[in-house]
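Listed here are the chains, written in short residue letters.
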Amino acid sequence: MPLLIPDSTRATQFILDNTGIHHPPHVPEIALHLADEAHELWHKTEEELSEIGLPPPYWAFAWAGGQGVARYILDHPQAVQNKRVLDFASGSGLVGIAALLSGASSVTANDIDPFARHAISLNSVLNKVSCDFSDADLIGQDVSGSFDVLLAGDVFYDKPLADRLIVWFDMLAAKGVQIIVGDPGRSYLPRHRLTELEVYSVPVTRALEDADVKRTTVWHYGETQKA
């Protein structure tokens, strides 16, 4: 079934009906529309929306890698201050919102999920920030002229995706884009390309992660030393 794009009113109402306002445990400064119970929303989305080609609601959860990156940015605002930021695979917009609260000159949240645009819009309003949005598949594109920093949480969970990202990140890093990645030990993380910045113990939803806490590392992609 091809992916279909919901109209704005329907998507926004679905988000409001199936989430509550929560503060991610590792980033309590930020409020988000998040699912109260992972399986309930996941199954409801499959039952109600799979027949029209809509994906699982990744935007409804504060994943460990994203919480790690957001925490790092809030604690180290110099990483994004006065810089143009791309929040790649943004989901809920958590990381991009953290960047805006930390003084980024602009943030573009990028996600191909058609619901993400509406979730990020709602979450930006909650946090009194303004975040741009792009639904383009940017992987492989030279965006070095548009962004100084790329932030990404939980993106190395799938080998075909990881293979594409490594080539893209290599290109962007070589052109001077600072890339910060949050990862709770996903299978395809390219550790040989990374320098550790911080390590956190991030509370997560057991229904999603089969754990209550995930050891999550924030990395710099490319050769650098911790500031």
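- Looking at an unreviewed UniProt entry, one finds the protein named Putative nicotinamide N-methyase, with Pseudochrobactrum saccharolyticum as its source organism.

### With respect to the nonpolar core
Now for step 1: Of all hydrophobic cores here, the largest spans 35 residues; its most connected members are Ile 73, Val 80, Leu 151 and Ile 180.
Now for step 2: Contributing elements (two or more residues each) for this core: β2 (32–34), α3 (64–75), α4 (94–101), β4 (106–110), α5 (116–126), β6 (149–153) and β8 (194–203).
Now for step 3: Discounting chain neighbours no more than four positions away, the residues touching Leu 151 are Val 69, Ile 73, Val 80, Val 85, Leu 86, Asp 87, Phe 88, Val 95, Ala 99 and Ile 180.
Now for step 4: In this structure, Ala 162, Leu 172, Leu 189 and Trp 219 belong to the second largest nonpolar core, which totals 24 residues.

### Here we look at the packing of aromatic side chains
Now for step 1: Counted by the stated rule, this structure contains eight aromatic pairs.
Now for step 2: With a centroid separation of 5.9 Å and 20 degrees between ring planes, the pair formed by Trp 59 and Phe 115 is classed as stacked. Taken together, the residues Trp 59 in the loop between α2 (38–49) and α3 and Phe 115 in the loop between β4 and α5 connect sequence positions 56 residues apart.
Now for step 3: Put simply, the rings of Phe 88, Phe 156, Trp 168, Phe 169 and Tyr 221 pair up and form one aromatic cluster.

### Observations regarding the sheet that holds strand β3 (residues 84–88)
Now for step 1: Strand order in the open sheet made by the seven strands is β5-β4-β3-β6-β7-β9-β8, with mixed pairing throughout. Since the sheet does not close on itself, it has two edges, and those belong to β5 (132–134) and β8, each with one partner. The sheet shows a mean angle of 20 degrees between the axes of neighbouring strands, direction not considered.
Now for step 2: Sheet analysis places β3 next to β6, joined by four bridges and oriented parallel. Residue Val 85 lies in a different strand from β6, and its bridge partner there is Val 149.
Now for step 3: Where α3 meets the sheet, its contacts fall on β6, β7 (178–183), β8 and β9 (213–221), and the angle it forms with β8 comes to roughly 110 degrees.

### Things to note about the pattern of salt bridges
Now for step 1: Tallied over the full model, the rule gives nine salt bridges.
Now for step 2: Residues Arg 84 and Asp 148 are paired through a salt bridge, measuring 2.9 Å at the closest nitrogen-oxygen approach. Of this pair, Arg 84 sits in strand β3 while Asp 148 sits in the loop between β5 and β6; the two residues are 64 residues apart in sequence, bridging distant segments of the chain.
Now for step 3: Given a relative accessible area of 29%, Arg 84 falls into the partly exposed group.
Now for step 4: Relative accessible area serves as the criterion here: at 27%, Asp 148 is assigned to the partly exposed category.

Thresholds, definitions, all that
- Residues numbered from 1 in each chain as written.
- Predicted model: local features only at pLDDT ≥ 70, side-chain atom pairs only at ≥ 80, totals over all residues.
- Heavy atoms only, no water.
- Core = buried A, V, L, I, M, F, W, Y, C linked by side-chain atoms within 4.5 Å.
- Buried < 20%, exposed > 50% of the residue type's maximum accessible area, 1.4 Å probe, protein only.
- Helix = DSSP H or I, 4+ residues; strand = E, 2+ residues; numbered from the N terminus.
- Contact = heavy atoms within 4.5 Å.
- Phe/Tyr/Trp six-rings, centres within 6.5 Å; stacked < 30°, edge-to-face > 60°.
- Pairing = 2+ DSSP bridges.
- Axes fitted to C-alpha atoms, helices over the stretch in contact; angles between N-to-C directions.
- Salt bridge = Lys/Arg side-chain N within 4 Å of Asp/Glu carboxyl O.

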